[in-house]
Amino acid sequence: MATRKIGQILVDLGFLTDEQLEAVLEEQQQQPGALLGRIAEDMGLVTDEQVAQGLAEQMNMQTVQLQMWSCPLTCWLRSPKRWRRSTESFRSSSTEQR
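Residues numbered from 1 in each chain as written. Predicted model: local features only at pLDDT ≥ 70, side-chain atom pairs only at ≥ 80, totals over all residues. Heavy atoms only, no water.

1. Here we look at the overall build of the protein
Working step 1: Across its full length, the protein carries six helices and zero strands.
Working step 2: Moving toward the C terminus, one meets the helices and strands of the protein in the order α-α-α-α-α-α.
Working step 3: Counting over 98 residues, the protein shows a buried share of 22%.
Working step 4: Long-range contacts, defined here as pairs at least 24 residues apart, represent 40% of the contacts in the protein between residues at least 6 apart.
Working step 5: Of the roughly 7800 Å² of accessible surface on the protein, 51% is carried by carbon and sulfur atoms. (Helix = DSSP H or I, 4+ residues; strand = E, 2+ residues; numbered from the N terminus. Buried < 20%, exposed > 50% of the residue type's maximum accessible area, 1.4 Å probe, protein only. Contact = heavy atoms within 4.5 Å. Areas by Shrake-Rupley, 256 points an atom, 1.4 Å probe, with all protein chains shown as cover.)

Written out as structure tokens, the structure is:
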């Protein structure tokens, strides 16, 4: 089965119009090797969350918004120590934003 192109997926999801996709593709021709999603984002046409959603659709996966998930202290303390160490900076930076 052929993989759907990310540009068409972004159009199908309603994040880009056909005209915007054409503009992004023209810009991509000027930047060989540049990723279409990154170009569309740099042009202010889509957000990184929309690109992630498009890529997830392309790979038949789901996206999860981590800022919506919280881990109570008891959950945090029961998690493996190696996991806590690797995510300590993430946990402290996300709690500082609240």
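Still more to cover.
2. Describing the environment of V51
Working step 1: Following the sequence through the fold, V51 ends up in helix α4 (residues 48-58).
Working step 2: In this structure the C-alpha to C-alpha distance between V51 and G37, which are 14 residues apart in sequence, comes to 5.8 Å.

3. A word on the pattern of salt bridges
Working step 1: Applying the stated criterion to the full structure yields two salt bridges.
Working step 2: Residue R4 is joined to D12 by a salt bridge in which the shortest nitrogen-to-oxygen separation is 2.8 Å.
Working step 3: Given a relative accessible area of 47%, D12 falls into the partly exposed group.
Working step 4: Across the pair E57 and R4 runs a salt bridge whose closest N-O atoms are separated by 3.5 Å. Of this pair, E57 sits in helix α4 while R4 sits in the segment before α1 (6-12), and the two are 53 residues apart along the sequence.
Working step 5: Via salt bridges that share partners, R4, D12 and E57 belong to a single interconnected network. (Salt bridge = Lys/Arg side-chain N within 4 Å of Asp/Glu carboxyl O.)

Remember that the coordinates give geometry; whether it matters functionally is a separate question.
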